[in-house]
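# Fold and geometry: a report
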Amino acid sequence: VQVVESGGGLAQAGEFLRLSCAASGLTMSVYGLGWFRQAPGEEREFVSGISWSGDDTRYTDSVKGRFTISRDGNEGTLYLQMSNLKPEDTATYYCAIGKRWDRDVATDPADYDYWGRGTQVTVSS
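Anyway, here's the lowdown on the structure attached to this text.

Rules and cut-offs
- Residues numbered from 1 in each chain as written.
- Predicted model: local features only at pLDDT ≥ 70, side-chain atom pairs only at ≥ 80, totals over all residues.
- Heavy atoms only, no water.
- Pairing = 2+ DSSP bridges.
- Helix = DSSP H or I, 4+ residues; strand = E, 2+ residues; numbered from the N terminus.
- Axes fitted to C-alpha atoms, helices over the stretch in contact; angles between N-to-C directions.
- Salt bridge = Lys/Arg side-chain N within 4 Å of Asp/Glu carboxyl O.
- Buried < 20%, exposed > 50% of the residue type's maximum accessible area, 1.4 Å probe, protein only.

## A few points about the sheet that holds strand β3 (residues 17-24)
Within the open sheet, the four strands sit side by side as β1-β3-β8-β7. Their pairing is antiparallel. Across the chains shown, the open sheet's two edge strands, defined by having one partner strand only, are β1 (2-6) and β7 (67-71). On average, each strand axis in the sheet is inclined to that of its neighbour by 15 degrees, with strand direction left out of account. Two strands pair when backbone bridges link them, and β7 and strand β8 (residues 78-82) are joined in this way by five bridges, in the antiparallel orientation. Paired with Ser70 across the two strands is Tyr79, which belongs to β8.

## Side note on the pattern of salt bridges
Evaluated as defined, the whole model comprises five salt bridges. Asp89 is the partner of Arg37 in a salt bridge, and the nearest nitrogen-oxygen pair spans 3.0 Å. Of this pair, Arg37 sits in strand β4 (residues 31-38) while Asp89 sits in the loop between β8 and β9 (91-100), and the two are 52 residues apart along the sequence. Residue Asp89 is classed as buried on the basis of its relative accessible area of 0%. Measuring nitrogen to oxygen at the nearest pair gives 3.1 Å for the salt bridge that ties Asp113 to Lys99. Here Lys99 lies in strand β9 and Asp113 lies in the loop between β9 and β10 (114-115), a separation of 14 residues in the sequence. The exposure class of Asp113 is partly exposed, given its relative accessible area of 40%. Ionic contacts of the salt-bridge type, sharing partners, join the residues Arg37, Glu45, Arg66 and Asp89 into one network.

Read these as layout, nothing more, since geometry by itself doesn't imply function.
Below, the structure is given as structure tokens:
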């Protein structure tokens, strides 16, 4: 299984970026999916997740109202629309694939089985 993120880059505070995630070797559309991030010297933290059906989504408090997670029903591609970016959003963002048919959104990295290599997001003030 190969998981690949894209869409990171440089942004100024208040701008937006959209991250994408695709995988090969499995059918993403039947898995719970999540986005995590890790800043230098910090632990990897949950950002957002979505159930396999798309009916359930969760966000960490710091991104609520600014980030939106979604998935393409056919291709299974995962997205993270990040708006009103802040310097504290600077981190490497990772896409993670959880459990098949998972109705609940997991927030613990240990509940995810496949990970991408990450895409860097840098927000300047």
